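Residues per chain, in single letters:
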2 protein chains.
Amino acid sequence: MKVARLGEFGLIEKFRKITPRGHGVSIGIGDDAACVEAISHSILLTSDLLIENVHFKLSWTSPFALGYKAVAVNLSDIAAMGGVPLYLVLALGLPPTFHVNEVHRMYRGMRSACAETGVSLVGGDTSSADRLTISICMVGHAPVQPVRRDGAAVGDDIFVTGTLGDSALALNLLQSRTPADSKSRSIGFLLRRHHQPTPRLAAGLSLARAGAATAMIDISDGLLQDLGHVCKASGIGAEIWQKHIPVSSAYRQHTGSSGMHYALGGGEDYELLFCAKPDRRAQITKLAKSSGVRMTRIGKCVSAKSGIIVLDESGSRVPVSVKGYDHFARRRISRSSK
Amino acid sequence: MKVARLGEFGLIEKFRKITPRGHGVSIGIGDDAACVEAISHSILLTSDLLIENVHFKLSWTSPFALGYKAVAVNLSDIAAMGGVPLYLVLALGLPPTFHVNEVHRMYRGMRSACAETGVSLVGGDTSSADRLTISICMVGHAPVQPVRRDGAAVGDDIFVTGTLGDSALALNLLQSRTPADSKSRSIGFLLRRHHQPTPRLAAGLSLARAGAATAMIDISDGLLQDLGHVCKASGIGAEIWQKHIPVSSAYRQHTGSSGMHYALGGGEDYELLFCAKPDRRAQITKLAKSSGVRMTRIGKCVSAKSGIIVLDESGSRVPVSVKGYDHFARRRISRSSK
């Protein structure tokens, strides 16, 4: 059945029936606004807008993965503050010819990401649109002081969680139209990293609780671009050791001559980048172990006048032409180390 | 200058610079998530998605009015719960060819609605889109028990605030292509009612504080359709006295043979509909006076099996064919009293 046949209110009613009333939710889907219980800590608010053919192509993703990812990218923003996600408000624009079953599958993906992280979907808005449009607002709380982008200082170490570049490499495989063997284990890994990124909530929270990170950001636009945001906000520069940038074995297997291209500049990793004083190294090793997430030291904060430089094994500057996403430019931004 | 030239981060930086740091906001625009202080009351969450050519046409509205209205429709949802609005998160999809000046004017409209109601814009997301897309999530708090849709009972009075139908009549004038004389005072009034609706925050809050309303909703889809939502949620029917439905003198002047058509079925009034026990009438008269908003008794709650009926002066049923908006149907819903 197409959504036009079920209608706006039929769809809302369907959502309402299959949405569990979450903890702390006194009024859920179906009133003018949702109502949740008071939050005794500072409140975190973030939102992300995903539009068909701008942020995703329906031919490249399953509705389930799309729903999952739409939630995950917001969870990643909460993780980057060292917060705990609580509630989700969903504004959905649907083409009238869209199938109700597809909406349902997308919704199941959202619920899956919510269930894994204890988040309740509490309400939103449903409307027609020419292109599938998903706007999610996530509400979280900060049990301890949130970690901002602007607290890094010269001399701080720079760390990243997980591995970088998998998602951008997967996107490249999807775009290349050479049929990637999705049954290959390594390709499957890369595609999962692109379609269903893991928000680093435990890592972000443990770093915030320990007071270990001086600045933190999630890597959504590419390592060097997001590092650039931290540098700009903190008034510093950065030196990155290319050899230390963590990449997966699947990445190594499929990059070929592209080398570190995707790891340095590719977007949608949804890993965390954070800075910390050098005397925190032992503590960070322990936090990585306890949160089950790899944390790799990849460089250090230097004077702002150095800008961002990438060094190879011999200590020579790598002439990087790194690309991060600027939505309006509709081109990738070049950042050269000259 | 077009937004493509300024770029995503240039635009965010521009927004950041001109956005005042609101009360209670510890981290505003420019980090992964915004951070606001703890809220000691229940929290209200609502969102609305506005898409070009679905919800508005740029040729019919000014960017300022569009920004104002995008905020106002969310404020109206908070008003309908009897709440107080606090924070706004904005997800904006912009065509790259859109002019920065237009974005700025739209933003000024948003700021105007925020400033009037003490709301702080704290963050969001900016992205490219084929069509201008505005998704706002509003966070409020409920100083007293929020008023739901499902508390009305047989015998309750039915009230509405303000006047109905002005907005839908204005939309009809805009659609008719017969050049409406916008210099006419009455046309100007109707167009303002359509483009810059007044959310009934003081009225909603005073009704909630007094515990006077058993159910409340904002009229966004048309009187009879929104009344239908209250009836369905509360398990009741309703009898509406057509003669009592409040309309403006401008409405009377310009409806001609359409009579009560727009007042009964037209959308986007953003007035409040609420139910109350008959022993509250004197109190409601006082609340109307103190909040400076007209509150008119237009009918009563009856048994569910009666459905929704509209009566004329002689007590005869009016054969209404009332239209409210269903986004997917892309047609107006017929509801006949038979």
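First, a word on what this report is: a plain description of the structure on this page. (Residues numbered from 1 in each chain as written. Chains lettered and ligands numbered in written order. Predicted model: local features only at pLDDT ≥ 70, side-chain atom pairs only at ≥ 80, totals over all residues. Heavy atoms only, no water.)

1. Concerning the pattern of salt bridges
Within this structure, the stated rule accounts for 24 salt bridges over all chains. Between Asp32(B) and Arg149(A) there is a salt bridge, and its shortest N-O distance comes to 3.5 Å. Of the two residues, Asp32(B) is situated in the loop between strand 1 (25–27) and strand 2 (34–36) and Arg149(A) in the loop between strand 6 (133–142) and strand 7 (157–161); the pairing between them involves two chains. The same class applies to Asp32(B) as to Arg149(A), namely buried. Among the salt bridges present, the one from Lys277(B) reaches Asp156(B), with a minimum N-O distance of 2.6 Å. Of this pair, Lys277(B) sits in the loop between strand 10 (271–276) and helix 11 (281–291) while Asp156(B) sits in the loop between strand 6 (133–142) and strand 7 (157–161); the two residues are 121 residues apart in sequence, bridging distant segments of the chain. Here Asp156(B) falls in the buried class, since its relative accessible area comes to 1%. One network of salt bridges, with partners in common, ties together Asp166(A), Arg193(A), Arg200(A) and Glu271(A). (Salt bridge = Lys/Arg side-chain N within 4 Å of Asp/Glu carboxyl O. Helix = DSSP H or I, 4+ residues; strand = E, 2+ residues; numbered from the N terminus. Buried < 20%, exposed > 50% of the residue type's maximum accessible area, 1.4 Å probe, protein only.)

2. Thoughts on the pairing of strand 11 (residues 295–302) of chain A
Residues in a regular strand project their side chains so that they alternate between the two faces of the sheet. All names here are of chain A. By the criterion of burial, strand 11 is predominantly enclosed, with 6 of the 8 residues buried. As paired strands, strand 7 and strand 11 are joined by 5 bridges and run antiparallel to one another. Residue aspartate 157 lies in a different strand from strand 11, and its bridge partner there is lysine 300. Where strand 9 (residues 237–241) meets strand 11, 4 bridges bridge the pair, whose relative direction is antiparallel. Residue pairing across strands places isoleucine 240 opposite glycine 299, the latter belonging to strand 11. (Pairing = 2+ DSSP bridges.)

3. Quick look at the sheet that holds strand 1 (residues 25–27) of chain A
Pairing within the open sheet is mixed, and its 6 strands lie in the order 1(A)-2(A)-3(B)-6(B)-4(B)-5(B). On the outer flanks of this sheet lie strand 1 of chain A together with strand 5 (120–128) of chain B, each paired with one strand and no other. Averaged over all pairs of adjacent strands, the angle between strand axes in this sheet comes to 20 degrees, irrespective of strand direction. Against the sheet, helix 4 (residues 100–117) of chain B touches strand 4 (84–94), strand 5 and strand 6 of chain B, its axis set at about 170 degrees to strand 4 of chain B. (Axes fitted to C-alpha atoms, helices over the stretch in contact; angles between N-to-C directions. Contact = heavy atoms within 4.5 Å.)

4. A few points about the packing of helix 3 (residues 63–80) of chain B against helix 4 of chain B
Residues and elements named next belong to chain B. Between helix 3 and helix 4, the shortest axis-to-axis distance is 6 Å and the interhelical angle comes to 40 degrees. Comparing their axes, helix 4 and helix 3 come out oblique. Between helix 3 and helix 4 the crossing geometry is right-handed. Contacts from Pro63, Phe64, Leu66, Gly67, Tyr68, Val71 and Leu75 in helix 3 reach Glu102, Arg105, Met106, Arg108, Gly109, Met110, Ser112, Ala113, Cys114, Glu116 and Thr117 in helix 4. Taken together, the residues of the contact of helix 3 with helix 4 break down into 10 nonpolar, 4 polar and 4 charged. (Parallel < 35°, antiparallel > 145°, perpendicular 65-115°, else oblique. Left-handed = near helix turned anticlockwise from the far one by under 90°. Nonpolar A, V, L, I, M, F, W, Y, C, P; charged D, E, K, R; others polar.)

5. Side note on the packing of helix 7 (residues 201–210) of chain B against helix 11 of chain B
Residues and elements named next belong to chain B. Contact pair helix 7 / helix 11: the axes reach a minimum separation of 9 Å and the direction vectors enclose 145 degrees. The element helix 7 and its partner helix 11 pack so that their crossing is right-handed. Along the contact surface, helix 7 presents Ala202, Ala203, Ser206, Leu207 and Ala210, while helix 11 presents Gln283, Ile284, Leu287 and Ser291.

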